[in-house]
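Here is how the chains run, residue by residue.
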Amino acid sequence: MVTGPVQQPSLVARPRVAHPAGLPADPHSIGLPGEPRPAGLAGDVHALGRAVAVTIGPRWRENVLLRLRPVRQGFAEHVRVTEGPSGLYRDLLTQSPRLDHCVRLLTREHATIVAAILAVQQIAERSEAHPDELRHRAGHLLRRLARHRRRGADLLWEAYQTDLGGET
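Residues numbered from 1 in each chain as written. Predicted model: local features only at pLDDT ≥ 70, side-chain atom pairs only at ≥ 80, totals over all residues. Heavy atoms only, no water.

**Some remarks on the nonpolar core**
- The biggest cluster of nonpolar side chains holds 21 residues, and the ones touching the most others in it are Leu-48, Val-64, Ile-117, Leu-134, Leu-141 and Leu-145.
- Listing elements by their share of this core, those giving two or more residues are helix H1 (40-53), helix H2 (60-83), helix H4 (100-125) and helix H5 (131-161).
- The contact partners of Leu-134, leaving out residues within four places of it in the chain, are Trp-60, Arg-61, Val-64, Val-120, Ile-123 and Ala-124.
- One finds Leu-88, Leu-92, Val-103 and Leu-155 within the second-largest nonpolar core, a separate group that totals eight residues. (Core = buried A, V, L, I, M, F, W, Y, C linked by side-chain atoms within 4.5 Å. Buried < 20%, exposed > 50% of the residue type's maximum accessible area, 1.4 Å probe, protein only. Helix = DSSP H or I, 4+ residues; strand = E, 2+ residues; numbered from the N terminus. Contact = heavy atoms within 4.5 Å.)

Right under this line is the structure:
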């Protein structure tokens with residue numbers, strides 16, 4: 001049985017938040033008010049994907065940047081929770097040292113994903129950058145995040161659901 005910080009609801013009802021800087025409400029945002037949406041970083045990643053996919057008017061770049069900010073913050077929190085001194089990876093390695101290689105892989109991916117987030121931000125901030133370039137970089141980021149999430153889920157499954165015996 002999985003316990004502690006790894007148990008997270010996959011869907012929760014999150015209210016819509018008013019957009020800062022006078023940005024209009026996004027008609028293509030996720031779902032209707034009060035409708036279940038992915039929680040936390042997963043929901044923020046989904047919202048970024050929607051923002052990148054829809055090119056609407058001159059404020060499209062600002063909307064992408066607006067949706068990128070919580071992804072950057074959520075991912076920084078993910079890194080802190082997993083790699084920190086009392087982080088999840090340290091606990092996993094204490095319980096299951098056989099997972100050392102997987103943990104090192106995920107830790108290396110953190111640096112790559114942070115660099116991809118910064119690349120998307122830099123392109124979105126350049127008004128002369130072509131929208132296809134921004135979409136390409138953002139797509140690369142979204143694929144990396146999805147792959148990282150799958151690998152993290154596989155690691156947790158391996159750590160908590162596989163009983164090899166002999167480990168304490």
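**Things to note about the pattern of salt bridges**
- Counted according to the given criterion, the structure contains seven salt bridges.
- Arg-80 is the partner of Glu-77 in a salt bridge, and the nearest nitrogen-oxygen pair spans 2.6 Å. On the criterion of helical spacing, the pair formed by Glu-77 and Arg-80 is a turn pair, its members being three residues apart in helix H2.
- Relative accessible area serves as the criterion here: at 52%, Arg-80 is assigned to the exposed category.
- Here Asp-132 and Arg-135 are joined by a salt bridge, their closest N and O atoms 3.4 Å apart. One end of the pair, Asp-132, and the other, Arg-135, are both in helix H5, three residues apart, so they sit about a helical turn from each other.
- Residue Asp-132 is classed as partly exposed on the basis of its relative accessible area of 47%. (Salt bridge = Lys/Arg side-chain N within 4 Å of Asp/Glu carboxyl O.)

**Considering the environment of Arg-61**
- When you line up the elements, Arg-61 lands in helix H2.
- By relative accessible area, Arg-61 is classed as buried at 13%.
- Within the structure, the side chain of Arg-61 is placed 3.4 Å from the backbone oxygen of Arg-126, a separation counted as a polar contact. (Polar contact = N/O pair within 3.5 Å; in protein donor to acceptor, adjacent residues only side chain to side chain.)

**Digging into the environment of Leu-48**
- If you trace the backbone, Leu-48 turns up in helix H1.
- Leu-48 sits in the buried class, given a relative accessible area of 0%.
- Along the chain, Leu-48 and Arg-69 lie 21 residues apart, while their C-alpha atoms are 9.3 Å from each other.
- Beyond its immediate sequence surroundings of up to four residues, Leu-48 is in contact with Val-64, Arg-67, Leu-68, Val-71, Leu-141 and Leu-142.

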